[in-house]
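Remarks on the overall topology
Residue strings, one per chain:
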Amino acid sequence: MDRRTFVASSAWLAATAGYTWPAFARVGASSGTLAVVDMNFAHGRAFAQHAAHVGMTTLEIGDDIGALWHSVLASHLASTRGSLIGIARASDSFVLAHLASRTCRISQQTLKQNGEHTSLAVFMIVPATNCA
């Protein structure tokens, strides 16, 4: 990864208070990666802004993560062998992990929200064949 990609990828890491790891930057810089965000939260908006800056396609979760999985995300993972990274409610991240668990590798970490009652999770979903 070149310096410019590292610096750009690191910008949103600050928005997530450092609750992520280097694999996120590597996956985020690869082609075919979709950013999946919950725009109801400041962390989600910051990540969406970063994703747009680096040219990543961004999808807003909306009200039904299951419907998004079945209508867009599963077919994206199957057809492009791309990955998903994002920030979502911990409950939505749990559902995504469950839906993707048969064909993908999932990494996630819960963010502690100060002053908000909803837990968020930073997640990465990579098709199993993309992993070494």
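Below is a summary of the structure that appears in this document.

Conventions we followed
Residues numbered from 1 in each chain as written. Predicted model: local features only at pLDDT ≥ 70, side-chain atom pairs only at ≥ 80, totals over all residues. Heavy atoms only, no water. Buried < 20%, exposed > 50% of the residue type's maximum accessible area, 1.4 Å probe, protein only. Helix = DSSP H or I, 4+ residues; strand = E, 2+ residues; numbered from the N terminus. Pairing = 2+ DSSP bridges. Core = buried A, V, L, I, M, F, W, Y, C linked by side-chain atoms within 4.5 Å. Contact = heavy atoms within 4.5 Å. Arc of directions from axis to C-beta. Polar contact = N/O pair within 3.5 Å; in protein donor to acceptor, adjacent residues only side chain to side chain. Axes fitted to C-alpha atoms, helices over the stretch in contact; angles between N-to-C directions. Parallel < 35°, antiparallel > 145°, perpendicular 65-115°, else oblique. Left-handed = near helix turned anticlockwise from the far one by under 90°. Nonpolar A, V, L, I, M, F, W, Y, C, P; charged D, E, K, R; others polar.

**Concerning the pairing of strand β5 (residues 120-127)**
Burial within β5 is extensive, with eight of its eight residues counted as buried. By the alternation rule, side chains of β5 split into L120, V122, M124 and V126 and A121, F123, I125 and P127, which are all buried. Relative to β5, strand β3 (residues 84-89) runs antiparallel, the two being bridged by six bridges. Along β5, the bridge assignment pairs I87 with V122.

**Looking at the nonpolar core**
Core analysis: the biggest nonpolar cluster contains 16 residues, and V36, W69, L73, L84, L96 and I125 have the highest contact counts within it. Contributing elements (two or more residues each) for this core: β1 (34-37), α4 (65-80), β3, α5 (90-100) and β5. The biggest single contributor to this core is α4, with five residues. Excluding anything up to four places from it in sequence, L73 contacts L34, V36, L59, L68, L84 and L96. The next biggest cluster of nonpolar side chains, apart from the first, holds 13 residues, and it includes V37, F41, I85 and V126.

**As for the environment of V126**
Checked against the element boundaries, V126 lands in strand β5. Separated by 45 residues in sequence, V126 and R81 have C-alpha atoms that sit 8.1 Å apart.

**Let's talk about α5**
Taken together, the buried positions of α5 are occupied by D92, S93, L96, A97 and A100. Along the axis of α5, the buried positions cluster into a sector of 140 degrees, meaning they face one direction only. Facing away from the buried side of α5, by more than 90 degrees, are the exposed residues F94 and H98.

**Structural notes on the side chain of D38**
Counting through the fold element by element, D38 comes out in the loop between β1 and α3 (42-53). Assessed through its relative accessible area of 2%, D38 is described here as buried. There is a polar contact of 3.0 Å between the side chain of D38 and the side chain of N40. At 2.7 Å, the side chain of D38 forms a polar contact with the side chain of R89. Once residues lying within four places of it in the same chain are set aside, the contact partners of D38 are G44, R45, E60, I61, I87, A88, R89 and D92.

**Re the packing of α4 against α5**
For the pair α4 and α5, the least separation of the axes is 9 Å and the interaxial angle reads 40 degrees. Taken as axis vectors, α4 and α5 run oblique relative to one another. Once α4 is placed against α5, the crossing between them reads as right-handed. For the pair formed by α4 and α5, the contact residues are I65, G66, W69, H70 and L73 on the first element and D92, V95, L96, L99 and A100 on the second. Of the residues that constitute the contact of α4 with α5, the class distribution is seven nonpolar, two polar and one charged.

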